[in-house]
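# Structure assessment
Chain by chain, the residues:
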Amino acid sequence: MQVIEKNADPEENLLLYVRKSLYLTGTKYGCGGGGCGACTVMISRYNPKTKKILHYPATACLVPICSLHGAAVTTVEGVGSIKTRIHPVQERLAKCHGTQCGFCSPGMVMSIYTLLRNHPEPTPDQIMIALGGNLCRCTGYRPIIESGKTFCVESTVCQMKGSGKCCMDQEASSSVNKPEKICTKLYNEDEFQPYDPSQEPIFPPELIRMAEDPNQRRLTFHGERTTWILPVTLDDVLELKANFPEAPVIMGNTAVGPSIKFKNAFYPIFISPRWIPELHFVDTTDNGVTIGAGHSLAQLNDDLLLVVSEQPKEKTKTYRALLKHLRTLAGAQIRNMATLGGHVVTRPNYSDLNPILAAGNASINLKSKEGERQIPLNGSFLERDPEANLKPEEIVLSVYIPSTTQWNFVAGFRQAQCQENDFAIVNAGMSVEFEEGTNTIKDLKMLYGGVAPTVISATESCEQLIGRPWDDHMLSDACRLVLNEIHIPPDAKGGMVEYRRTLIISLLFKFYLKVKRGLNKINPQKFPDIPEEFLSALKEFPIATPQGLQMFECVDPRQPPQDPIGHPVMHQSAIKHATGEAVYCDDIAPIARELFLAPVTSTRAHAKILLIDTSEALALPGVVDVITAEDVPGDNHYLGEVFYAQNEVICVGQIVCTVAADTYAHAREAAKKVKIAYEDIDPRIITIEQALEHNSFLSVEKKIEQGNVEQAFKYVDQIIEGEVHVEGQEHFYMETQTILAIPKEGDKEMELHLGTQHTTHVQEFVAAGLKIPRNRITCHMKRAGGAFGGKVTKPAVLGTVCAVAAKKTSRPIRFVLERGDDMLITAGRHPLLGKYKIGFMNNGVIKAADVEYYVNGGCTPDESEMVVEFIVLKSENAYYIPNFRCRGRPCKTNLPSNTAFRGFGFPQATVVVETYIAAVAAQCNLLPEEVKEINMYKRISKTAHKETFDPEPLRRCWKDCLEKSSFYARKQAAEEFNKKNSWKKRGLAVVPMKFTIGLPVTYYHQAAALVHIYLDGSVLVIHGGCELGQGLYTKMIQVASRELNIPQSYIYTSETSTETVPNAVFTAGSMGTDINGKAVQNACQILMARLQHIIRKNPEGKWEDWVIYCPCFWQSIALTTHLFFYLLIFLLRGYQTNMDWEKGEGHAFPYYVYGATCSEVEIDCLTGAHKLRRTDIFMDAAFSINPALDIGQVEGAFIQGMGLYTIEELKYSPEGVLYSRGPDDYKIPTVTEIPEEIYVTLVRSRNPIAIYSSKGLGEAGMFMGSSVLFAINDAVSAARKAKGLTSTFTLNSPVTHEAIRMNCADQFTDMIPRDDPSTFVPWSIRVS
Ligand SMILES: Cc1cc2nc3c(=O)[nH]c(=O)nc-3n(C[C@H](O)[C@H](O)[C@H](O)COP(=O)(O)OP(=O)(O)OC[C@H]3O[C@@H](n4cnc5c(N)ncnc54)[C@H](O)[C@@H]3O)c2cc1C
Ligand code: FES
Ligand code: FES
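Bear in mind the structure is a predicted one, so any value in this text is a computation, not a measurement.

## Here's the deal with the sheet that holds strand E2 (residues 52–59)
What the 3 strands build is an open sheet, ordered E2-E1-E3; its pairing is antiparallel. Each edge of the sheet is formed by a strand with only one pairing partner; in this case those strands are E2 and strand E3 (72–74). The mean inter-strand angle of the sheet, taken between neighbouring strand axes irrespective of direction, is 25°. Here strand E1 (residues 40–47) runs beside E3; their pairing, made up of 3 bridges, is antiparallel. Its bridge partner being in E3, Ser-44 is matched across the sheet by Ala-72.

What follows is the structure, encoded as structure tokens:
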């Protein structure tokens, strides 16, 4: 489609433009800062010089529309559509089960599609590279990668270890002897339409004509506040730069864009010379290569690859160092947008390329109207020394990178939380030049990023080392010198001070080893090699394409072919997800007179509100109103929650008021202008420790006890005590909280559209806030772009905030939280402190455990009390401890209120359990797995709260996991590896799991379904469950299909609404299918019973005969049933649960899900990085209704759990300000973090009480991610043992790279300066 935009505004980005002006809503907003890939589009440009078309992926949120002059943009709608023809990329993503909530899917499609446009037969590596900038919070990436791999020519079948055979063939076939046959195929590749690149749309010829037009003229776009100038010649650029020296030269906009969006930078004029030919060239000579400043980092990568392939190795050391970093810098989109010139000029302190360029003696070619000159790209330039800088009127033409010589070594190092798409914590570029034929240092350069506000050079240290031989003495002096020269203050921004100090010298050590190796290669006689056990210090962790298998029980061949139960049926919305046609809340078309809402949040943790001054905000264009607590017609405080802060604020991030305006931009601008005066109130409680000091709790203590704990401690061989901290977690659902509130009937009715897990709750809160009965409030929920517990309670509060604004303004209100606001306001998983005292015998038998848990609940009750109940009830996990006492209490603090999150406390508490098991093992000189085996439940038993259960499936999962993962053999192999490698260690761990489904309250186990059969035979199934990506609607269709004995295509589920199914309970706790499935099943069975006499009359007939042609309607047979369904009534062994907290006893949970997981990791002791080598998950699924969806849940939860336990770190200031507010500073796993090998087995068991004997698997996989934490624990133990450190240590969660490195104590950690904690206030604090 051709778009003519006469009023292009320089401040408008492509994402907003396609969504709001063109109504192409397939492209999604996930973060607005280029970090999530949800908004990926393909940009195509014609190069008149080469006559080639360049296709590249870009994040639309960072593309100003004015920069697109002459470009063709392809959004997901242009790739394929259900209305016309879906593209193979879309089809395969859907059919490979690569979508769950589907919010990331259009971005994924665009990344793979763009790759195919450039490489129709990509390699698996290219798929990994293409997906590196796309986040998915649901799937765990494996199926997405797999869908991409179907386009590769290389075999996509797992061909492990080069044997040409699938690694699990043996296991899979041996299972044939078992009663159930094991299947491994989740989709059928034969169904895929072939990919034919010749069918792709052509590049618009008019754009070619435009690009080739010799008479192009400067273009100027005037916006509301800014002007965008597009020069067409270099002279024109220089002229403009001379006239507007302060105007940024917009190239990729990946630095300027975020500075405007997140740092409030404002530029009245932009100069946009990106495609000027003089900025696009590569000039390679014998001495070096000059690359045009306009080349993107992706093009730079290709340029350098070419040079490296053509030149001798010794000349290309700088290029190879750059290439290594170019592979992991940001994601593919940013690398394609960002330019070399922009990178060099921006000089962020985390810059990955600049330190290497400086170490490699690069220089910058500048040009202005005054002429050309060259400046060195050195330490002074990077440190922003004004003498070494470019002048405001100059632009960078190109960068010259000299080649290296035999006696010149250049290397780059970077350490980040994630391997790709993550800013480095510390990085470095280093080079050394030797006197020819010697190891005497002639020149040395060390430049570090991430250690100061700019990249800095250790110039003085380097100067002092000139003339020294490259030996151990030099290294130790170098470490001392550089630590003296680069001082990171103890309260430095970014924290991790000791870790960063350690990295400075650990990276130097790596360089030292690398150069020593290099010298040895030149002259092995003269220069000794490094010890063999040091070699692995130099090996980078590979970014491998994951391999693996998913195993599940095959459907009984006797099952009718039409019956979909047990089949890996694709998510019913998968195709819509992949085409971008699935409608999420903010995709709903604009409603007449609608306004946009922006929140103003508290900047203080606990303070009195002295004044709210809205005058400046109200005076801004487009602003309609400011809404405060005064405007809430009903209860502003409801069930302990607060809608708008009134008189005082109780956390940073609390909504004080909201601004309603005609556009998002106006609402947000005005929100910044609201002035609030505060007076701090004491106490300000941020951490659990502070809450304990102040006795600040949200509810009473919950306790479970069995045996006589005190007595037992007297008779044990040993007692250990310890503390474990588990920090919180951000849900990071890809779709931020979004609400559309529409007042109706003179404001007496309110209609809300939102993504929620609990429509009833929203209705209840809105009714309370507006003071109108619930029958006038309707909540519609079609789908959510992920939820994970974060949309159980929070939408009710936000929905009320929005509804109050709609009521006050009498206009529809659209309220879409920006990512940063969402993270700040809605909080997440409860941080937990566990304190334990364990008594055990020397043989590993645990006799007594006394455990206390405290969670940081935040400022309001939310669900904290229930989380603590779950923790207390579930925290024994899989172990029988005869004398067991467990207590828990939620702390009230001045943090945003924490809420439900997948696993609901279990994933935090069980880390404490597994930690004390590992500690017991260490004391008894046993493997943790041996202690687990010894103490694990073995026969039908009673839990500590006296609930009877049969652990047989647990034992089976455990045994299978140990055997099929070859745990003991691999453990031995890891030990062998560890003996031979000083700086890399491997570790393995197996964790068992006994997880509960349901709640200790019967009320929550009810559901309702409404099933209509229409006269054309089609069926509408409605129930109270919410579709969050887990595939609930799909399973409900499967259930209805079996029960009505009709194809799934006859059945539809539209949405969940309080209008059709009132008073529905939340969709959470892995209960969605259980309760709604039973309701749908019963409803269908009632309908079938009603049809029986017609069927009896025509037994040979089909559905159509009975329903369509047969006049059942005229016979007054009701073809609809609405069933409010109490499971306890309809199930023979129903879901009646109870818990008596007085006695500490009860039948708290309907049933258990068991599992066991083995993970193997390798750690880099020098940097703390880890690589997940392999994971084997055995999950007790009983009978899986849909193995594809269940495996998707297990894998997705596992990766989310792995994130919780390893890389996801929320950072808070001591004043309670959350720093981590986006994908840049809160890392969720990316495609590179997932296991190199992953095997998932759904283990068959029985569960007669649940529908079709299935089990709820939504949450259970989360805790399985802790196998990675404990495997790291194992590897760190090995590293410590190798250094003679025998003292016990505890790895708290998340076990970040910082934690790994600092626990692998060695000569480098010993060298760093340590600060007295009483002398400074740290930048961030632990809140658990
Ligand atoms: C999500 C994300 C992830 C990132 N991850 C990393 C990472 O892991 N590692 C890393 O090192 N970097 C990372 N970056 C930063 C990225 O490398 C820089 O933003 C980028 O290189 C800047 O280039 P640009 O062309 O987009 O600059 P622009 O934003 O277009 O311009 C930046 C500045 O440079 C000036 N400028 C640009 N070109 C010229 C020129 N030719 N002459 C004179 N002045 C010029 C402009 O005036 C402006 O002030 C990331 C950025 C994002 C958004
Ligand atoms: S929304 Fe653009 S990258 Fe996240
Ligand atoms: S499917 Fe990827 S974020 Fe939900």
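## A short note on the packing of aromatic side chains
What the rule picks out here adds up to 35 aromatic pairs. Consider the rings of Tyr-638 and Phe-765, whose centres lie 4.9 Å apart with planes at 90°: the pair is edge-to-face. Here the residue Tyr-638 occupies a position in strand E21 (residues 637–638), and Phe-765 occupies one in helix H25 (residues 759–770), the gap between them amounting to 127 residues. Take Tyr-638: its relative accessible area is 17%, and that puts it in the buried class. When the centroid spacing of 3.8 Å and the interplanar angle of 0° are considered together, the rings of Tyr-1219 and Trp-1323 count as stacked. With Tyr-1219 in the loop between helix H37 (1187–1206) and strand E45 (1237–1243) and Trp-1323 in the segment after helix H41 (1307–1311), this pair connects stretches of sequence that are 104 residues apart. Residue Tyr-1219 is classed as partly exposed on the basis of its relative accessible area of 27%. Note on Trp-1323: relative accessible area 19%, which makes it buried. One aromatic cluster is present, built from ring pairs that chain together Phe-409, Phe-413, Phe-434, Trp-470, Phe-511 and Tyr-512. The lysine or arginine in question, Lys-984, covers the ring of Phe-541, its NZ or CZ lying 5.1 Å from the ring centre. Here Lys-1283 stacks its cationic end above the ring of Trp-983, 4.2 Å away from the centre of that ring.

## Description of the pattern of salt bridges
Per the counting criterion, the structure on display carries 72 salt bridges. Lys-95 is the salt-bridge partner of Glu-191, the closest N and O atoms lying 3.9 Å from each other. Linking Glu-191 in the loop between strand E4 (182–183) and helix H8 (205–212) with Lys-95 in helix H3 (residues 88–95), this pair joins segments that are 96 residues apart in sequence. A salt bridge links Glu-710 to Arg-885; its shortest N-O distance comes to 2.5 Å. With Glu-710 in helix H24 (residues 709–714) and Arg-885 in strand E34 (residues 883–892), this pair connects stretches of sequence that are 175 residues apart. Look at Glu-710 and you get partly exposed, because its relative accessible area is 43%.

Quick notes on the rules
- Within any chain, residue numbers begin from 1 and follow the written order of that chain's sequence.
- Each chain gets a letter, beginning with A, and each ligand a number, beginning with 1, in the order they are written.
- Given that this is a predicted model, residues contribute local features only at a pLDDT of at least 70 and side-chain atom pairs are listed and counted only at 80 or more, while totals for whole chains, interfaces and linings are drawn from all residues.
- Side-chain calculation: all heavy atoms of the structure are included, whereas hydrogens and water are not.
- DSSP calls a pair of strands paired once it identifies at least 2 bridges connecting them.
- Only DSSP runs of H or I with at least four residues qualify as helices, and only runs of E with at least two residues qualify as strands; both kinds are numbered from the N terminus onward.
- Under this scheme, a helix contributes an axis fitted over its contacting stretch, all axes are lines through C-alpha atoms, and angles between N-to-C directions fall in the 0 to 180 degree range.
- Here is the rule: rings of Phe, Tyr and Trp (six-membered ring for Trp) pair when centre to centre is within 6.5 Å. Planes less than 30 degrees apart are stacked, more than 60 are edge-to-face, and the remainder are tilted.
- Each residue gets one of three labels from its accessible area relative to the maximum for its type: buried under 20%, exposed over 50%, partly exposed in between, using a 1.4 Å probe on protein chains only.
- Criterion for a charge above a ring: Arg CZ or Lys NZ at most 6 Å from the ring centre, at most 35 degrees from the ring normal.
- Just to be clear on terms, a salt bridge is a Lys or Arg side-chain nitrogen sitting within 4 Å of an Asp or Glu carboxyl oxygen.

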